[in-house]
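Report on the structure
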Amino acid sequence: MTRPIRTTIDLSALRGNFAVARQRAPGASLWAVVKANAYGHGLMRVAEALDDMADGFALLDLDDAVTLREAGFRHPILLLEGFFEADELPLFAEFALTPVVHTLEQTEMLTSAALPAQLPVYLKLNTGMNRLGLSAEELHPVLSALETTRCVGNITLMTHYADADLERGIDWQMAHFEEATQGCDHPVSLANSAALLRYPKTCRGWARPGIMLYGSSPFPQFESAEQIGLRPVMTLSSELISIQHLQPGDRVGYGGIFTAERPMRIGIVACGYADGYPRRAPSGTPILVEGRRARTVGRVSMDMIMVDLEGIPAAGIGSPVVLWGDGLPVDEVATAAGTVSYELLCALAQRVPVIEKA
Ligand SMILES: *Cc1c(COP(=O)(O)O)cnc(C)c1O
């Protein structure tokens, strides 16, 4: 018997979620965003499952892009931060990779490179997020330079939204985008998951859905994953490995931050922050025991958390526990822990064994 923690990756849910993206963005080509090891789900596993569905794969690391190529994927591959040094450019050409170009420095490296093949380029415009991207003033000179660079092929204009999931929305950024790109007839790439779902007008050219593919809502405060028609791909599960009986006044775990006010039966779950469960999840974070909703008590430790077994008399050592996923949306756990599903999914630890479900 091994430690009972495991993560199940439901590949049919992944494919179903991709189909939702396709249906909601009928006019667009779709990059499957697989950065951060496919949001913790496993790059190669996700790419294989979406092989015949995705129009391309978007990620960050050159090594990962090369790994996909060497495994036989022939899709377009987009590097969302582009290249960092000029000496990477021959690899972009060799493996037919598409860089995002977002600085004058990258432009300079590209226009002075001698490459054996033409690279398609995504030119990124900063429309108010103020993270990556050229300013409106820089756009036209860079565009002219790239249009006349021999090793540059098709150019796509992209931007990224700061508030697609929030009240402020995207119109303010679109106004900047339309103004800066007036008169350009290059294709565009605009939407992340939130924009794809909330703003159909952004679903032209190439959309870039990430989080929705993994079955999480990009805006759980407005609409749950289930309401959108998404199914959880990752289920993190474990078991109870011990039971404790508390008397009123007894405290639980490091720092004793939870105190029993009445006699309590609590279960000890084999899952802690070294497995990727967020340490800042407070007492009261939802968790499933024997398929029933319960709440955590006390501080999350490295390898364990504690759960109040009130109302679950059948629970004992060996009872199944779901930390998030099937039956308990990761969005609910993330909200309780004061973070977003992205962070929980990406932080899944290497030590947790993975089981694939077809
Ligand atoms: C991560 C990322 C996406 C995907 O965002 P989601 O919110 O996960 O859909 C899209 N575009 C860019 C540039 C990104 O970095």
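Just so we're clear, the structure is a prediction, and the values are computed from it rather than from any experiment.

Calculation rules
Residues numbered from 1 in each chain as written. Predicted model: local features only at pLDDT ≥ 70, side-chain atom pairs only at ≥ 80, totals over all residues. Heavy atoms only, no water. Near = heavy atom within 4 Å. Polar contact = N/O pair within 3.5 Å; in protein donor to acceptor, adjacent residues only side chain to side chain. Areas by Shrake-Rupley, 256 points an atom, 1.4 Å probe, with all protein chains shown as cover. 1 Å grid on protein atoms, 1.4 Å probe; cavity = no way out; pocket = protein on both sides within 12 Å on 5 of 7 lines; lining within 4 Å. Sits in = over half its atoms within 2 Å of the grid points. Nonpolar A, V, L, I, M, F, W, Y, C, P; charged D, E, K, R; others polar. Phe/Tyr/Trp six-rings, centres within 6.5 Å; stacked < 30°, edge-to-face > 60°. Helix = DSSP H or I, 4+ residues; strand = E, 2+ residues; numbered from the N terminus. Buried < 20%, exposed > 50% of the residue type's maximum accessible area, 1.4 Å probe, protein only. Lys NZ or Arg CZ within 6 Å of the ring centre and 35° of its normal. Contact = heavy atoms within 4.5 Å. Pairing = 2+ DSSP bridges. Points joined across faces, edges and corners; volume = space filled by probe spheres on them. Core = buried A, V, L, I, M, F, W, Y, C linked by side-chain atoms within 4.5 Å. Domains from an automatic or database assignment. Buried area = accessible area lost by both parts, 1.4 Å probe. Salt bridge = Lys/Arg side-chain N within 4 Å of Asp/Glu carboxyl O.

Turning to the site of the ligand, a few remarks are in order. By nearness alone, 13 residues border the ligand, and Lys 35, Tyr 39, Ser 193, Ile 211 and Tyr 342 come closest of all. Within the contact set of the ligand, a nitrogen atom lies 3.5 Å away from a side-chain nitrogen or oxygen of His 160. Between an oxygen atom of the ligand and a main-chain N or O atom of Gly 210, the distance comes to 2.9 Å. Taking 390 Å² as the accessible area of the ligand by itself, protein coverage stands at 92%. Most atoms of the ligand, that is more than half of them, are within 2 Å of grid points of the largest pocket. Of the residues belonging to the shell around the ligand, the class tally is 6 nonpolar, 4 polar and 3 charged.

On to the packing of aromatic side chains, then. Each pair of aromatic rings is reported with the distance of its centres and the angle of its planes. With the rule as written, the count across this model stands at 8 aromatic pairs. Ring centres 5.7 Å apart and planes at 80° place the aromatic pair Phe 57 and Phe 73 in the edge-to-face group. Separated by 16 residues along the polypeptide, Phe 57 in strand β3 (residues 56-59) and Phe 73 in the loop between α4 (62-70) and β4 (77-79) bring together distant segments of the chain. Considered together, Phe 57 and Phe 73 belong to a single accessibility category, that of buried residues. Ring pairs connect the aromatic residues Trp 31, Tyr 122 and Trp 206, which therefore count as one cluster. The positively charged end of Arg 168 is found above the aromatic ring belonging to Trp 172, 3.7 Å away from the centroid.

Our next topic: the environment of Phe 83. Structurally, the position occupied by Phe 83 is in the loop between β4 and α5 (89-94). Sequence spacing of Phe 83 and Ser 301 is 218 residues, and the spatial spacing of their C-alpha atoms is 39 Å. Excluding anything up to four places from it in sequence, Phe 83 contacts Glu 88, Leu 89, Phe 92, Pro 99, Val 101, Gln 106, Met 109 and Leu 110.

Next up on the list: the pairing of strand β2 (residues 29-33). By the criterion of burial, β2 is predominantly enclosed, with 4 of the 5 residues buried. Bridging between β2 and β3 involves 3 bridges; their strand directions are parallel. In the strand pairing of β3, Trp 31 is matched with Gly 56.

Okay, empty space enclosed by the protein next. Counted under the stated rule, the structure contains 1 cavity of 30 Å³ or more. Computed from the structure, the largest cavity encloses a volume of approximately 50 Å³. For the largest cavity, the full set of lining residues is Lys 124, Leu 125, Asn 126, Thr 127, Met 129, Arg 131, Leu 132, Thr 159 and His 160. When its residues are assigned to classes, the lining of the largest cavity shows 3 nonpolar, 4 polar and 2 charged.

Core analysis: the biggest nonpolar cluster contains 117 residues, and Leu 123, Leu 196 and Trp 324 have the highest contact counts within it. The leading source of residues in this core is helix α1 (residues 11-24), at 6 residues. Counting contributing residues, this core receives three or more from each of domain 1 (26-208) and domain 2 (234-357). The contacts of Leu 196, once residues within four sequence positions are left out, are Ala 21, Arg 24, Ala 25, Leu 30, Ala 191, Thr 202, Cys 203, Ala 207, Pro 209 and Met 212. Val 252, Phe 258, Ala 260 and Ile 268 belong to the second-largest nonpolar core, a separate cluster that totals 9 residues.

The phi dihedral of Ala 36 falls on the positive side, at around 50°, and the residue is not glycine. With respect to the helices, strands and loops of the structure, Ala 36 is situated in helix α2 (residues 35-39). Backbone geometry places Glu 290, a non-glycine residue, at a positive phi of 55°. Here Glu 290 shows up in the loop between β14 (286-289) and β15 (292-297).

This part is about the domain arrangement of the chain. Domain assignment breaks the chain into domain 1 (26-208) and domain 2 (234-357). Of note, the centres of domain 1 and domain 2, computed from C-alpha atoms alone, are 39 Å apart. The partner domain 2 presents 7 residues to the 5 residues of domain 1 that form the contact. The junction of domain 1 with domain 2 conceals about 560 Å² of combined surface from both sides, 67% of it contributed by carbon and sulfur atoms. The interface formed by domain 1 and domain 2 includes 1 salt bridge. Of the charged contacts, one joins Arg 45 and Glu 356 as a salt bridge, the two residues approaching to 2.8 Å between their closest N and O atoms. When its residues are assigned to classes, the side of domain 1 that touches domain 2 shows 2 nonpolar, 2 polar and 1 charged.

Quick look at the side chain of Thr 235 now. You can see Thr 235 is positioned in strand β10 (residues 234-246). Classification of Thr 235 as buried rests on a relative accessible area of 12%.

A few words on the pattern of salt bridges. Any two side chains of opposite charge can pair if their charged atoms end up close together. Here the structure, examined in full by the defined rule, presents 17 salt bridges. The salt bridge involving Glu 310 is made with Arg 262; its shortest N-O contact spans 2.9 Å. Taken together, the residues span a long stretch of sequence, with Glu 310 in the loop between β16 (305-308) and β17 (320-324) and Arg 262 in the loop between β12 (258-259) and β13 (264-269) at a distance of 48 residues. You can call Glu 310 exposed: its relative accessible area is 53%. The exposure class of Arg 262 is partly exposed, given its relative accessible area of 34%. With its nearest N and O atoms 2.6 Å apart, the salt bridge here joins Arg 280 to Glu 343.

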